[in-house]
Amino acid sequence: MKQHLIFPLLAVLLVIVSCSTPASQTEVITLDDIAAQLLLLDDNILKVQAENPTTGDGLPRVIPRTINKDGSLSVLPAGDWTSGFYPGVLWYMYELTGEAEWKDKAVKYTATLEEQQYNGSNHDVGFRMFCSYGNALRLTGDEAYISVLEQSAKTLIVRYYENVGCIRSWNFNEEVWQCPVIIDNMMNLELLFWASEQTGDPDYYDIAFRHALTTMDNHFRPDNSSVHVVDYDTITGAVRMKNTHQGYADESAWSRGQAWGLYGYTMTYRFTDHLDFLKQAEKIAGFLLENPNMPDDLVPYWDYDAPGIPDEPRDVSAAAIMASALYELCSYSENGAYYKEKADKILESLGSTYASAPGENCGFILGHSVGSKPADSELDVPLNYADYYYLEALLRQKNLESQ
Ligand code: GLY
């Protein structure tokens, strides 16, 4: 081909490639940008449900979780651990905008989870129900939501092992683990603290308090990072082993796990006023914010000890959880101004570099999260919980700044 024809052709190809390659945002996205994305997501959900109403197991597809490798939307049944986050996203949009359209959608998607109040197959009933029904009750005051949440708390405490002092997280891998407890489980305690206040029954509080103490004793290392899974002997309560499931190694610091710990101890301090929990949250924050492997934009790699840093994927979900937790921590800690500055920096990074370009990622707000690198699953994708904690962090920032 003649050279004068090659160059125009290359230019056209470059334009095509750059149109199909996600461009990072340079400006921080606005609430209008977020709303436009979420309306697109809602359209996409309805299309998937119409064309493909059930999963391989015959369960109805209800909640968007991420995108598949081919770029299509992944919509999962109500029993998925992440099912509470999309209703929660819709509730937060209602709270951020005051627009009834979001409330109507939130009510509808929340109702799809009603049966989950009885799902005690793992600890995730707390995630599923408090992010959906918990926000529904908080924002509407509708008492019909209370009985569902109370039943959810009853379902969760069935998993409590008195001899261990913890709620068991998972039932799989039973040939290896007896009573596996993951750091993520700290997040489920919010449902129990709420239930104790709601019902006046101290058992919920006592179980949550004891779980937090046991976890503080056994999950944390001298450098204030945490192990992912601690397995306990169900008879003696002794620690049997310490493993990872989603991190790089048993001894490494899986980024989302560290963020769950930070959020979990900050929230637990809110309900208990127990200073050791506040100190634990501050110690975790120190590990994260002073970590030599934390990038300047404060969006961590998927594991702080991932061997290929800096050529490892970032985990936006870990950053979003951390930002939300830091906004809460700043109202309790003497280091509040420092935590606020860091949380602001995370939100700025997420809302610019890591936000979906308009129309991208099926309508999810943020890209670039990691579900499970060891399982080669959900690498560098949007995740519904990254969006949930991002919106929660935006709300917390707004509330702090309007005080
Ligand atoms: N709680 C499961 C996860 O963070 O992936």
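Provided above is the structure to which this section pertains.
Being a predicted model, the structure only gives us computed values, none of them experimental.

Colleague: Tell me what's going on with the packing of aromatic side chains, and back it up with residues and numbers.
Modeller: Enumeration according to the criterion identifies 29 aromatic pairs in this entry. Where tyrosine 265 meets phenylalanine 277, the ring centres are 5.8 Å apart and the plane angle is 45°; that geometry is what we call tilted. Taken together, the residues tyrosine 265 in helix H9 (residues 255-272) and phenylalanine 277 in helix H10 (residues 275-289) connect sequence positions 12 residues apart. Looking at arginine 314, its charged tip hangs above the ring of tyrosine 301, at a distance of 4.8 Å from the centre.

Colleague: Please provide a residue-by-residue account of the pattern of salt bridges, values included.
Modeller: When their charged atoms lie close together, side chains carrying opposite charge are able to pair. With the rule as written, the count across this model stands at 17 salt bridges. A salt bridge links glutamate 162 to arginine 210; the shortest N-O distance between them is 3.6 Å. Linking glutamate 162 in the loop between strand E3 (160-161) and strand E4 (166-167) with arginine 210 in helix H8 (residues 202-218), this pair joins segments that are 48 residues apart in sequence. Residue arginine 210 is classed as partly exposed on the basis of its relative accessible area of 30%.

Colleague: Now, about the nonpolar core: what can you tell me, with residues and values included?
Modeller: With 118 residues, the main nonpolar core has Leu262, Leu326, Leu350, Tyr389, Tyr390 and Leu391 as its most contacted residues. With 11 residues, the top contributor of residues to this core is helix H11 (residues 316-329). Among all residues touching tyrosine 390, those that are not within four sequence positions of it are Ile29, Ile34, Ala320, Leu347, Leu350, Gly351, Ile365 and Leu366.

Colleague: Pulling in residues and values, what's your account of a negative patch on the surface?
Modeller: Residues Asp32, Asp33, Glu99, Glu101 and Asp104 make up a contiguous surface patch of negative charge. Counting residues per element, the ones that place at least two in the negative patch are helix H2 (31-51) and helix H4 (100-111). Checked against the element boundaries, aspartate 33 lands in helix H2.

Colleague: Describe the sheet that holds strand E7 (residues 239-243), and please don't skip the residues or the numbers.
Modeller: Within a sheet, adjacent strands bond to each other through the backbone by hydrogen bonds, running parallel or antiparallel. Taking strand neighbours across the sheet as the criterion, the three strands line up as E5-E6-E7 in an open arrangement whose pairing is antiparallel. Bordering the open sheet on either side are strand E5 (179-182) and E7, each of which pairs with just one other strand. Sheet twist, expressed as the average angle between the axes of neighbouring strands with direction ignored, equals 25°. Where strand E6 (residues 229-232) lies against E7, four bridges are found, and the strand directions are antiparallel. Considered in E7, the bridge of tyrosine 232 is made with valine 239. Strand contacts of H8: E5, E6 and E7, with the helix running at about 105° to E6, the strand carrying the most contacts.

Colleague: Break down the layout of surface pockets for me, with residues and values.
Modeller: Here the largest pocket defines a volume of roughly 670 Å³. Along its surface, the largest pocket is lined by 29 residues, and Arg138, Glu190, Arg270, Glu392 and Arg396 are the ones closest to its centre. Considering each element in turn, the lining of the largest pocket owes the most residues, eight residues, to helix H5 (residues 125-140). Class assignment for the residues of the lining of the largest pocket results in 15 nonpolar, six polar and eight charged. Reported here for the second largest pocket is a volume of approximately 370 Å³.

Criteria and cut-off values
- Every chain is numbered independently, its residues counted from 1 as its sequence is written.
- Residues qualify for local features only when their pLDDT is at least 70, as the model is predicted, and side-chain atom pairs are given and counted only at 80 or more; totals for whole chains, interfaces and linings, by contrast, use all residues.
- With hydrogens and water stripped out, all remaining heavy atoms of the structure feed into the side-chain values.
- For Phe, Tyr and Trp, rings pair up if their centres lie within 6.5 Å, where Trp contributes its six-membered ring, and each pair is then called stacked (planes under 30 degrees apart), edge-to-face (over 60) or tilted (otherwise).
- The secondary structure listing takes helices from DSSP runs of H or I that are at least 4 residues long and strands from runs of E that are at least 2 residues long, numbered from the N terminus.
- Think of it as a cone above the ring: NZ of Lys or CZ of Arg counts as a charge over the ring if it is within 6 Å of the ring centre and within 35 degrees of the ring normal.
- Salt bridges are identified by distance alone: a Lys or Arg side-chain nitrogen within 4 Å of an Asp or Glu carboxyl oxygen.
- Type-normalised accessible area, obtained with a 1.4 Å probe on protein chains alone, sets the label of each residue: buried when under 20%, exposed when over 50%, and partly exposed for intermediate values.
- We call a set of buried Ala, Val, Leu, Ile, Met, Phe, Trp, Tyr and Cys residues a nonpolar core when their side-chain atoms join them within 4.5 Å.
- For this analysis, residues touch if any pair of their heavy atoms sits within 4.5 Å.
- Patch building starts from residues that exceed 30% relative accessible area and form no salt bridge, then joins like charges within 9 Å and nonpolar side chains (Val, Leu, Ile, Met, Phe, Trp, Tyr) within 5 Å.
- Where accessible areas are quoted, they stem from the Shrake-Rupley method and a 1.4 Å probe; at the residue level, only the protein chains shown are allowed to cover.
- Within this scheme the basic residues Lys and Arg register as positive and the acidic residues Asp and Glu register as negative, but His and the chain ends are omitted.
- By convention, charge coordinates are those of NZ in Lys, CZ in Arg, CG in Asp, or CD in Glu.
- At least two DSSP bridges between two strands are needed for those strands to be called paired.
- Angles here are taken between N-to-C directions and fall from 0 to 180 degrees, while the axes themselves are lines fitted to C-alpha atoms, restricted in helices to the stretch in contact.
- Put plainly, a pocket is an open set of points on a 1 Å grid over the protein atoms alone with protein on both sides within 12 Å along at least five of seven lines, a cavity is a set where a 1.4 Å probe fits but cannot get out, and a lining residue has an atom within 4 Å of a point.
- Grid points are joined across faces, edges and corners, and a volume is the space filled by probe spheres set on the points.
- Residues are grouped as follows: Ala, Val, Leu, Ile, Met, Phe, Trp, Tyr, Cys and Pro are nonpolar; Asp, Glu, Lys and Arg are charged; all remaining types, including Gly, are polar.

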